[in-house]
Number of protein chains: 2
Amino acid sequence: MKTSKSSVPGMTKSHSGVTKFSGMVLLCKVCGDVASGFHYGVHACEGCKGFFRRSIQQNIQYKKCLKNENCSIMRMNRNRCQQCRFKKCLSVGMSRDAVRFGRIPKREKQRMLIEMQSAMKTMMNSQFSSHLQNDTLIEHHEQTALPAQEQLRPKPQLEQENIKSSPSSSSDFAKEEVIGMVTRAHKDT
Amino acid sequence: MKTSKSSVPGMTKSHSGVTKFSGMVLLCKVCGDVASGFHYGVHACEGCKGFFRRSIQQNIQYKKCLKNENCSIMRMNRNRCQQCRFKKCLSVGMSRDAVRFGRIPKREKQRMLIEMQSAMKTMMNSQFSSHLQNDTLIEHHEQTALPAQEQLRPKPQLEQENIKSSPSSSSDFAKEEVIGMVTRAHKDT
DNA sequence: GAATTAGGTCACCAGGTCAG
DNA sequence: CTGACCTGGTGACCTAATTC
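Residues numbered from 1 in each chain as written. Chains lettered and ligands numbered in written order. Predicted model: local features only at pLDDT ≥ 70, side-chain atom pairs only at ≥ 80, totals over all residues. Heavy atoms only, no water.

Student: Can you lay out the overall build of chain A for me, pointing to particular residues and giving the numbers?
Tutor: Along its length, chain A carries 5 helices and 5 strands. Starting at the N terminus and ending at the C terminus, chain A contains elements arranged as β-β-β-β-β-α-α-α-α-α. Burial status across chain A gives 45% buried among its 189 residues. If you take every contact in chain A between residues at least 6 apart in sequence, the share linking residues at least 24 apart comes to 57%. Split by element, the accessible area of chain A, about 11100 Å² in all, is 54% carbon and sulfur. (Helix = DSSP H or I, 4+ residues; strand = E, 2+ residues; numbered from the N terminus. Buried < 20%, exposed > 50% of the residue type's maximum accessible area, 1.4 Å probe, protein only. Contact = heavy atoms within 4.5 Å. Areas by Shrake-Rupley, 256 points an atom, 1.4 Å probe, with all protein chains shown as cover.)

Student: Tell me about unusual backbone geometry, and please be specific about residues and values.
Tutor: Residue and element names in this part refer to chain B. One non-glycine residue with positive phi stands out, namely Y40, at about 55 degrees. Mapped onto the fold, Y40 is located in the loop between β4 (37–39) and β5 (42–44). Owing to a relative accessible area of 17%, Y40 belongs among the buried residues under this scheme. Here the phi dihedral of E69 falls at roughly 60 degrees; this positive angle occurs in a residue that is not glycine. Here E69 shows up in the loop between α1 (46–57) and α2 (82–91).

Student: Describe the layout of surface pockets, and please don't skip the residues or the numbers.
Tutor: Gaps left between atoms are located by rolling a probe of water-molecule size over the structure's atoms. Of the pockets and cavities examined, the second largest pocket occupies roughly 790 Å³. Forming the walls of the second largest pocket are 25 residues, and the residues nearest its centre are R96(A), N77(B), N79(B), R80(B) and C81(B). Looking at the lining of the second largest pocket, the elements that each hand over two or more residues are β4 (37–39) and α1 (46–57) of chain A together with α2 of chain B. Across the lining of the second largest pocket, the residue classes break down as 10 nonpolar, 8 polar and 7 charged. (1 Å grid on protein atoms, 1.4 Å probe; cavity = no way out; pocket = protein on both sides within 12 Å on 5 of 7 lines; lining within 4 Å. Points joined across faces, edges and corners; volume = space filled by probe spheres on them. Nonpolar A, V, L, I, M, F, W, Y, C, P; charged D, E, K, R; others polar.)

Student: Please provide a residue-by-residue account of the confidence of the model for chain A, values included.
Tutor: All names here are of chain A. Mean pLDDT over chain A: 72, with 54% of residues reaching 70 or higher. The low-confidence segment residues 1–7, where pLDDT is below 50, has 1 contact with residues more than four positions distant or belonging to other chains. Scored below 50 in pLDDT, residues 134–170 makes 67 contacts in the model with residues more than four places away or belonging to other chains. (pLDDT = per-residue confidence, 0-100.)

Student: So what's going on with the pattern of salt bridges? Which residues, and what values?
Tutor: Overall, the coordinates contain 8 salt bridges over all chains when judged by the stated rule. The partner of R80(B) in a salt bridge is D97(A), with the nearest N and O atoms 2.5 Å apart. With R80(B) in the loop between α1 and α2 and D97(A) in the loop between α2 (82–91) and α3 (106–128), this pair bridges two chains. R80(B) gets classed as partly exposed once you look at its relative accessible area, which sits at 44%. (Salt bridge = Lys/Arg side-chain N within 4 Å of Asp/Glu carboxyl O.)

Student: If you had to explain the packing of aromatic side chains to someone new, which residues and values would you point to?
Tutor: Using the criterion set out here, one finds 8 aromatic pairs over all chains in the structure. Sitting over the ring of F51(A), R85(A) keeps its end group 4.5 Å from the ring centre. (Phe/Tyr/Trp six-rings, centres within 6.5 Å; stacked < 30°, edge-to-face > 60°. Lys NZ or Arg CZ within 6 Å of the ring centre and 35° of its normal.)

Pasting the structure below:
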């Protein structure tokens, strides 16, 4: 019947191992680097993926952080503090239980696309019309823009690719992700 | 134009590939995930179906289990031990000889419905009359309090079929299954 | 002819590797 | 130790085949 290979428009995976969505690069939720895919339940780069794998495989106990145990983890400095990096991995939801194998379900893609668009719109609004009053969004916005001291974000969220888990919570999650991504894509331009 | 579909009331198959019965989602008998149909003689999800197919096609000898060869197989961890997963497939009755092709015979549906109802009743009983002594069921009880936001997922339901096994044990089975699924839904949330 | 599944496909990922 | 690459799966979808 359906000859249409019909896939959700938007999501692609370049040959270089970079995951894109509607032409925009997805970012590692741990360090902000370019994500290579959905690893252990979150979008992550090869580095953080490998780091997390090693960490859980051999139940490594990392040396205590030399600072306040809340180092910001970014691409540039992600290797400076293992303890904090691992903590960040966990806080963004990386877990062996969250792995998702196989092809991305069409409806999940669809959902991402939608959430992405709405997030995009939201961002545009807050950016152009009233970026002085909306604290929530500015919060998010900054978080990505200047990776300042964003510590453990109170979001132990874990992406439930699961068919229909609460639509609201997952959308929050995705929104956050999208915002970061969009912001960056924006800056790059 | 037979308007009288007249088949057994209840069984449907959504377009998403999820098998339902009286509005309840059927679960994979191997891992508890949502079943996509009756595969190799058992209600199974796409994952376990594919896994079993591959296993028997190329007579794969899986690596020995790293634990006690009795890993519990659930959606979250089903990929961690192939040997145990395959064993579970066999133990729940998956077999190339058990395939049922084509449309579901009416009497089979009828039978399912009946077994389902009795299983349901059993469950209800143990839930209301004596849920203080039965610790396993407490889990289940909580689930009821969960937000009912959903359309076709975290839903109490069970899975039943066993073409040629003792019909009496079927309700026990269902109960167990429900518990597992509920636990999962719980974890997911 | 409609319902329903075995198998094939191939988008995607966990783990292993090994230069750097 | 880190992370770019490779390999061996995994499972969402699709279609041909099969039964009612």
